[in-house]
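The chain contents come next:
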Amino acid sequence: MTIPQLTLNNGITMPQIGFGVYQTPPQETTAAVETALSTGYRHIDTAAAYLNERGVGDAIRNSGIPRSEIFIETKVWITDYGYDTTLHAFDKAAGKLGVDQIDLLILHQALPGEFGRTIDAYRALEQLLADGKVRAIGVSNFMREHLTRLRSETSIVPAVNQIEVHPYFRQTDVLTSDEEYGIVSQAWSPIGGITFYRDGSHGSTLEDPVINRIAENYGKTPAQVMLRWHLQQGRQVIPKSVTPSRIAENFDVFDFDLTTTELGEIDALDTGVRGGPEPEVVTLEKFGLDIPEA
Ligand code: NDP
C-alpha cells in the first residue's frame, strides 16, 4: 500500500500517518516500533521526554528498512530550551536514536512565561536546519498567539504544529492559524486517547454514539473513523498502541471515505474542553525534567 504523503512548507514530504510512542515503556518500545514498521508505518513520533528514543532507534536498525525510507520525528523538552542547550539536545537525541540526521525536530511546548527561551530554542532549530542536521523543524502545542510571536521574532515558518485534536477537542482556531501560516497540523491523541487514559470532564471518544453509528455503517471501528476524519481534513495523525492488532487496525484506514455530512457530525462533537495541560501552566518549575545524555 502507498501511504499518502503531505508536502511540508520546505518541500520535503512526510507520510500522512505515523506511529506515536508516548507512554510506551522503554522496554516495550522496540517491539512496538518493529511491529509498526512491519505493518507498513514509515513515520515514528517520539520525544526526549518519553525517554524511549533509544528503543525507537534500535527498532529502526533491526527492521533492515533503509534509513532514508523512515521519517523520524522527535521533540526537545523545555528543560533543554536555550540556544546552546537546544543545539546539544539535538546531539542527545541523535545519539540515542543512533542517526546523523533527524527528519523533523520540534519544540515540545511553548514556555509562555519565558518566551525568550522558547525563541532561543527555535533559533537553535533554525541553525540545525541550516547545518543539514535536521530536514525540517516545527513546534508542538503552540496556540495562535505563540505562533504570532514566533513569526515576529524568527525567520523560518515551522513546518508542523503538533497539537491535541480529536472529536471532543478540535482546536479549530489553532487549525486555522496553522493553515494561515502554511503549517501542517499534526494531531496528537488522534483517536482521543487522552479522553480515556486520563480522567477528564467527558467520556471516551471510543464510546461516542455518533462515531459508533458511523463506524457500523462502514464495518469499521471507532478508531478507524476518527483517523479517517483527520486524514480527510488534511491533518497528519500519529496513533499510539503497543497492541499488534490495534497497530494494524489503525493503519487500515485507506479503503473508505466519510461523507461531508459525517465529517460535519464529528466536527459537531467538539466540547472545547482540553485534555492536555493548559498552555499557560507549562513552566520549568512544574514540568522540568532532566533529559539524560546519549
Ligand atoms: P491516541 O489517541 O493515539 O490513543 C492511544 C491509546 O489508545 C492507548 O491507550 C492505546 O492503547 C489505545 N488504542 C490505540 N489504538 C486503539 C484502537 N484501535 N482501539 C482502541 N484503543 C486503541 O493517544 P496518544 O495520546 O498516545 O497520542 C498519540 C501520539 O501523539 C503519542 O503517542 C505521541 O507520539 C503524541 N503525543 C504528543 C503530545 C504532545 O504534547 N506533543 C501529547 C500526547 C501525545 P494500547 O497502547 O494499550 O493499545
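Just above sits the structure.
Residues numbered from 1 in each chain as written. Predicted model: local features only at pLDDT ≥ 70, side-chain atom pairs only at ≥ 80, totals over all residues. Heavy atoms only, no water.

## A few points about the site of the ligand
And then number 1: Close to the ligand lie 29 residues; D45, Y197, K240, S241 and T243 are nearest.
And then number 2: Contact distances for the ligand include 3.1 Å between an oxygen atom and a backbone N or O atom of I191.
And then number 3: One of the backbone N or O atoms of V242 is found 2.9 Å from an oxygen atom in the ligand.
And then number 4: Notes on the ligand: free accessible area 900 Å², of which the protein chains cover 90%. (Near = heavy atom within 4 Å. Polar contact = N/O pair within 3.5 Å; in protein donor to acceptor, adjacent residues only side chain to side chain. Areas by Shrake-Rupley, 256 points an atom, 1.4 Å probe, with all protein chains shown as cover.)

## What to know about the packing of helix 5 (residues 144–153) against helix 6 (residues 172–181)
What describes two packed helices is the angle between their axes and the distance between those same axes.
And then number 1: Across the interface, helix 5 lies against helix 6 with an axial gap of 9 Å and an inter-helix angle of 25 degrees. One finds that helix 5 runs roughly parallel with respect to helix 6. The residues of helix 6 that touch helix 5, namely those facing R144, L147, T148 and R151, are D173, V174, T176, S177, D178, E180 and Y181.
And then number 2: The residue makeup of the contact of helix 5 with helix 6, split by class, is three nonpolar, three polar and five charged. (Axes fitted to C-alpha atoms, helices over the stretch in contact; angles between N-to-C directions. Helix = DSSP H or I, 4+ residues; strand = E, 2+ residues; numbered from the N terminus. Parallel < 35°, antiparallel > 145°, perpendicular 65-115°, else oblique. Contact = heavy atoms within 4.5 Å. Nonpolar A, V, L, I, M, F, W, Y, C, P; charged D, E, K, R; others polar.)

## Section: the nonpolar core
Here is a general trend for soluble globular proteins: nonpolar side chains tend to be buried in one another's company.
And then number 1: If you look at the biggest cluster of nonpolar residues, it comprises 76 residues, and the most contacted ones within it are F19 and I102.
And then number 2: Counting 11 residues, the second-largest nonpolar core is a separate cluster that includes L8, I12, M14 and V160. (Core = buried A, V, L, I, M, F, W, Y, C linked by side-chain atoms within 4.5 Å. Buried < 20%, exposed > 50% of the residue type's maximum accessible area, 1.4 Å probe, protein only.)

## Quick notes on the side chain of T24
And then number 1: Considering the arrangement of structural elements, one finds T24 in the loop between strand 3 (19–20) and helix 1 (26–39).
And then number 2: On the basis of relative accessibility, which here comes to 2%, the residue T24 falls in the buried class.
And then number 3: If we skip the residues at most four places from it in the chain, T24 touches T29, A32, N52, K240 and V242.

## Points about a nonpolar patch on the surface
And then number 1: Together, Y22, F196 and Y197 give the surface a local cluster of nonpolar side chains, amounting to about 280 Å² of exposed area.
And then number 2: Residue placement: Y22 occurs in the loop between strand 3 and helix 1.
And then number 3: For Y22, a relative accessible area of 33% gives the class partly exposed. (Patch = residues over 30% accessible without salt bridge, like charges linked within 9 Å, V, L, I, M, F, W, Y side chains within 5 Å. Salt bridge = Lys/Arg side-chain N within 4 Å of Asp/Glu carboxyl O.)

## Digging into the sheet that holds strand 7 (residues 134–140)
And then number 1: With parallel pairing, eight strands are arranged side by side in an open sheet as 3-4-5-6-7-8-9-10. Each of the sheet's edge strands pairs with one partner strand only, and the pair in question is strand 3 and strand 10 (236–237).
And then number 2: Two strands pair when backbone bridges link them, and strand 9 (residues 184–188) and strand 10 are joined in this way by two bridges, in the parallel orientation. The residue of strand 10 that forms the bridge with Q186 is Q236. (Pairing = 2+ DSSP bridges.)

## With respect to the packing of aromatic side chains
The geometry of an aromatic ring pair is captured by two quantities: the separation of the ring centres and the angle between the planes.
And then number 1: Under the definition given, this model contains seven aromatic pairs.
And then number 2: On the numbers, 6.3 Å between centres and 55 degrees between planes, the contact of F115 with F142 is tilted. Taken as a pair, F115 in helix 4 (residues 115–130) and F142 in the loop between strand 7 and helix 5 lie far apart in primary sequence, 27 residues in all.
And then number 3: Stacked on the ring of F256, the Lys or Arg R228 has its end atom at 5.9 Å from the ring centre.
And then number 4: One cation-aromatic arrangement involves R235 over W229; the distance from NZ or CZ to the ring centre is 4.6 Å. (Phe/Tyr/Trp six-rings, centres within 6.5 Å; stacked < 30°, edge-to-face > 60°. Lys NZ or Arg CZ within 6 Å of the ring centre and 35° of its normal.)

## Describing the environment of G18
And then number 1: Its location among the elements puts G18 in the loop between strand 2 (13–15) and strand 3.
And then number 2: Exposure remark for G18: the relative accessible area of 0% places this residue in the buried category.
And then number 3: A C-alpha to C-alpha distance of 8.6 Å links G18 and F71, two positions 53 residues apart in sequence.
And then number 4: What G18 contacts, discounting residues up to four positions off in sequence, is Y41, H43, Q236, V237, I238 and P239.

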